[in-house]
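Letter by letter, the chains look like this.
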Amino acid sequence: MGKQKTKKFAAMKRMISLKDQRLKDKDRAKAKEKKKKDPSEIKEREVAKHPSCLFFQYNTQLGPPYHILVDTNFINFSIKAKLDIVQSMMDCLYAKCIPYITDCVMAEIEKLGMKYRVALRIAKDSRFERLPCTHKGTYADDCLVQRVTQHKCYILATVDRDLKRRVRKIPGVPIMYISNHRYNIERMPDDYGAPRF
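Since this is a predicted model, take the numbers as computed values, not measurements.

Parameters and conventions
- Residues numbered from 1 in each chain as written.
- Predicted model: local features only at pLDDT ≥ 70, side-chain atom pairs only at ≥ 80, totals over all residues.
- Heavy atoms only, no water.
- Axes fitted to C-alpha atoms, helices over the stretch in contact; angles between N-to-C directions.
- Helix = DSSP H or I, 4+ residues; strand = E, 2+ residues; numbered from the N terminus.
- Parallel < 35°, antiparallel > 145°, perpendicular 65-115°, else oblique.
- Left-handed = near helix turned anticlockwise from the far one by under 90°.
- Contact = heavy atoms within 4.5 Å.
- Salt bridge = Lys/Arg side-chain N within 4 Å of Asp/Glu carboxyl O.
- Buried < 20%, exposed > 50% of the residue type's maximum accessible area, 1.4 Å probe, protein only.
- Disulfide = S-S within 2.5 Å.
- Core = buried A, V, L, I, M, F, W, Y, C linked by side-chain atoms within 4.5 Å.
- Lys, Arg positive; Asp, Glu negative; His and termini not counted.
- Pairing = 2+ DSSP bridges.

Asker: For this particular structure, what's the right way to read the packing of helix H5 (residues 140-150) against helix H6 (residues 161-168)?
Answerer: Two elements in contact, H5 and H6, have axes whose closest approach is 11 Å; the angle formed by their N-to-C orientations is 25°. Classed by the angle they form, the pair H5 and H6 counts as roughly parallel. Remark: the crossing between H5 and H6 carries right-handed chirality. Every residue of H6 that contacts H5 at Asp141, Asp142, Leu144 and Val145 is listed here: Leu163, Arg166 and Val167.

Following this line, the structure appears as structure tokens:
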């Protein structure tokens, strides 16, 4: 019986380099010309623009009525702690609060299924304002971080550690979280009348 020839995997055909001498001049790769740097030329740097609403770390756009961006797990943990979201926010900040839910957060709650139907019913409450999303995908964390970066008028309500860590790097954005069966707020300036714990 004849031997079977085994097929070679990942075998590539050898290619001639574009700088090879055997190629014609028109097919050969051209040598890159190095530009000489002019020492008198003005150097340009791209510096991130600092938002005008911030006075150092103090955010001047924050004030009653507070606009609070709510995350998926914040609603779920509020249900577990048996807290009324809007009332507990008002108890925390001593002012009127308007909770906002983005389309991404709503989609995330809908994906969780029947187990979280109470959270979905709360999210569809008329007291919650809806924010439409224009970007692709439904990853809520990126959406919330992007919104908070663009508009500094929001307080972010979340229990997610990774999201908190990302938002702490953005100056002037307070974070609302749940601890000891009540809402607390971090990085909120004292002048707004909110208690700091």
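Asker: I would appreciate a short explanation of the environment of Cys97 in the present structure.
Answerer: The residue Cys97 is located in strand S4 (residues 97-102) in this model. Put simply, Cys97 and Gln87 are ten residues apart on the chain and 8.7 Å apart in space, counted from C-alpha to C-alpha. Non-local contacts of Cys97, meaning those with residues more than four positions away in its chain, are made with Tyr66, Ile68, Val86, Met89 and Met90.

Asker: How should I be thinking about the pattern of salt bridges in this particular structure?
Answerer: Once their charged atoms are close, side chains differing in charge can pair, the charge on each being opposite to the other. Counted under the stated rule, the structure contains six salt bridges. The partner of Arg127 in a salt bridge is Asp84, and the shortest N-O contact between them spans 3.4 Å. One end of the pair, Arg127, is in the loop between helix H4 (117-123) and strand S5 (129-131); the other, Asp84, is in the loop between helix H1 (72-80) and helix H2 (85-93), and 43 residues separate them in sequence. Among the residues examined, Asp84 registers a relative accessible area of 39% and is labelled partly exposed. Each of Asp84, Asp125 and Arg127 takes part in one network of salt bridges that share partners.

Asker: Sorry, what's going on with the state of the cysteines here?
Answerer: In protein structure, a disulfide is the covalent linkage between the sulfur atoms of two cysteines. Scanning the model with the defined rule gives zero disulfides in all. No disulfide involves Cys92; its nearest neighbouring cysteine sulfur is the one of Cys97, lying 7.8 Å away. The thiol sulfur of Cys104 is not disulfide-bonded, and the nearest other cysteine sulfur, from Cys133, lies at 3.6 Å.

Asker: Would you explain the nonpolar core in this entry?
Answerer: One recurring pattern in soluble globular proteins is that nonpolar side chains are buried together. Grouped together as the largest cluster of nonpolar side chains are 48 residues, with contacts concentrated most on Ile68, Phe74, Met89, Leu93, Ile155, Met176 and Tyr183. Those residues in contact with Tyr183, other than ones at most four positions away along the chain, are Phe74, Ser78, Leu83, Ile85, Ser88, Met89, Cys92, Met176, Tyr177 and Ile178.

Asker: Could you clarify how one ought to interpret the side chain of Lys152 in this entry?
Answerer: Position of Lys152 relative to the elements: it lies in the loop between H5 and strand S6 (154-157). Buried and unpaired, Lys152 has Glu186 as its nearest opposite-charge partner, separated by 15 Å. If we skip the residues at most four places from it in the chain, Lys152 touches Pro51, Cys53, Leu54, Asn59, Gln61, Leu62, Ile170, Pro171, Gly172 and Val173.

Asker: Is there a simple way to think about the sheet that holds S5 in this case?
Answerer: Hydrogen bonds between backbone groups are what pair the strands of a sheet, and the pairing can be parallel or antiparallel. The strand order across the open sheet built from six strands is S5-S4-S3-S6-S7-S8, with neighbouring strands paired in mixed fashion. Pairing within the sheet leaves two strands with one partner each, and these edge strands are S5 and strand S8 (182-186). The mean inter-strand angle of the sheet, taken between neighbouring strand axes irrespective of direction, is 35°. Here S4 pairs with S5 via three bridges, running parallel. If you follow Thr102 over to S5, its bridge partner there is Leu131. Relative to the sheet, H2 contacts strand S3 (66-70), S4, S6, strand S7 (175-179) and S8, its axis offset from that of S8 by approximately 50°.

Coordinates in, geometry out; function isn't part of it.
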